[in-house]
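Chain residues, written in single-letter form:
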Amino acid sequence: MGSILYGPVSSWRLGRSLGVDLVSTKGKTCSFDCIYCQLGRTVHPLVRRREFVTVSQLAQELETVRNIVVDYVTFSGVAEPTLASNLGQAIELVKSVLGSPVAVLTNSSLMPREDVRRELSQADVVVAKVDAHNEELFRRINRPRIKSTLDEILEAIRRFREEYRGKLALQMMFVEASKTYAPEMERIAEELSPDEVQINTPLRSCAVKPLTPEEIAAIRQEFAGLKGVVTVYEALRLEVIPLNLEETLRRRPKL
Ligand code: SF4
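For the structure given in this document, a descriptive report is provided here. (Residues numbered from 1 in each chain as written. Predicted model: local features only at pLDDT ≥ 70, side-chain atom pairs only at ≥ 80, totals over all residues. Heavy atoms only, no water.)

1. Side note on unusual backbone geometry
Following Gly7, the chain continues into Pro8 via a peptide bond in cis, with omega recorded as 5°. Tracing the chain through its elements places Pro8 in strand 1 (residues 5-11). Unusually for a residue other than glycine, Ser108 sits at a positive phi of about 75°. Its place among the elements puts Ser108 in the loop between strand 6 (102-106) and helix 3 (114-120). The residue Arg143 is not glycine, and still its phi comes out positive at about 40°. Position of Arg143 among the secondary structure elements: in the loop between helix 4 (135-142) and helix 5 (150-163). On the basis of relative accessible area, Arg143 is assigned to the partly exposed category, the value being 27%. (Helix = DSSP H or I, 4+ residues; strand = E, 2+ residues; numbered from the N terminus. Buried < 20%, exposed > 50% of the residue type's maximum accessible area, 1.4 Å probe, protein only.)

Listed below in structure tokens is the structure:
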């Protein structure tokens, strides 16, 4: 496999998933620099969309996996996928070549852009990150490089929800700094009305300690009134392997 496709990897959220890294830079390229990022500090902070790999490069790599059987083809990798200005074309190409459902994992930072929401709407599943309930915590946890405020991003997700016909999941990463704000986060989830809420905590090596199963269970209690809530520890009890980007990166040269 080449440098754009990787895996398949097992994901607690998406089952067996073939990864697409449409940015494919050597170090992490992101519009955030989250304190819990498994990939370390952001090497290439970027806030503008541009083309990193061409659709014809992607087409060549897709030819090598034409017969692969996966639950999803997932746009993720070591970068924020919405930074790729040809994301919409790439989703269309993957669907026409492989016929598999497509998921996009996004940090939501570019969702205030109409073109980004339009391209995301081509995916069958969009997993959108929301880690904080106010601007101060957003800046402390996600360390955004973009100008958009948390309110603007939440408003964009709300608009996307209204227009989008696929499955929208919110991923909420809880850490020490945010663990007492579960009621506020639940109110955000209620207002955005996703199909699923994924309650997560950083279990792989990073600069931040994960919350314990008891702490995550207490947070989950606050979400008891919502449908489709799943926590990373529940998924582990079912022996589903969590998506691990570090491991994915380590494996990539061999694939
Ligand atoms: S959005 Fe994802 S890739 Fe970017 S810094 Fe945060 S955890 Fe890392």
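2. Notes on the sheet that holds strand 10 (residues 229-231)
Strand order in this open sheet of eight strands is 1-2-5-6-7-8-9-10, and the pairing throughout is mixed. This sheet does not close on itself; its edge strands, each paired only once, are strand 1 and strand 10. If you compare each strand with its neighbour and ignore which way they point, the axes differ by 25° on average. Docked against the sheet, helix 2 (residues 87-98) engages strand 2 (15-20), strand 5 (72-75) and strand 6, running at close to 165° with respect to strand 5. (Pairing = 2+ DSSP bridges. Axes fitted to C-alpha atoms, helices over the stretch in contact; angles between N-to-C directions. Contact = heavy atoms within 4.5 Å.)

3. Observations concerning the environment of Glu51
You can see Glu51 is positioned in the loop between strand 4 (44-45) and helix 1 (55-63). By relative accessible area, which is 43% here, Glu51 ends up partly exposed. For the pair Glu51 and Glu163, spaced 112 residues apart in sequence, the C-alpha separation works out to 26 Å.

4. Some words on the site of the ligand
Around the ligand, a shell composed of Lys28, Cys30, Phe32, Asp33, Cys34, Tyr36, Cys37, Asn107 and Lys129 is seen. Of the residues that constitute the shell around the ligand, the class distribution is five nonpolar, one polar and three charged. (Near = heavy atom within 4 Å. Nonpolar A, V, L, I, M, F, W, Y, C, P; charged D, E, K, R; others polar.)

5. Here we look at the packing of aromatic side chains
According to the stated counting rule, one finds three aromatic pairs in the structure shown. For the pair Phe32 and Phe138, a centre-to-centre distance of 5.7 Å together with 75° between the ring planes defines the contact as edge-to-face. Taken as a pair, Phe32 in the loop between strand 3 (29-30) and strand 4 and Phe138 in helix 4 lie far apart in primary sequence, 106 residues in all. Looking at Phe32, the relative accessible area reads 2%, which means it is buried. Ring centres 6.4 Å apart and planes at 85° place the aromatic pair Phe174 and Phe223 in the edge-to-face group. Separated by 49 residues along the polypeptide, Phe174 in the loop between strand 8 (167-173) and helix 6 (182-192) and Phe223 in the loop between helix 7 (213-222) and strand 10 bring together distant segments of the chain. Judged on exposure class, the residue Phe174 and its partner Phe223 are both buried. (Phe/Tyr/Trp six-rings, centres within 6.5 Å; stacked < 30°, edge-to-face > 60°.)

By themselves, these are just geometric observations and shouldn't be taken as functional.
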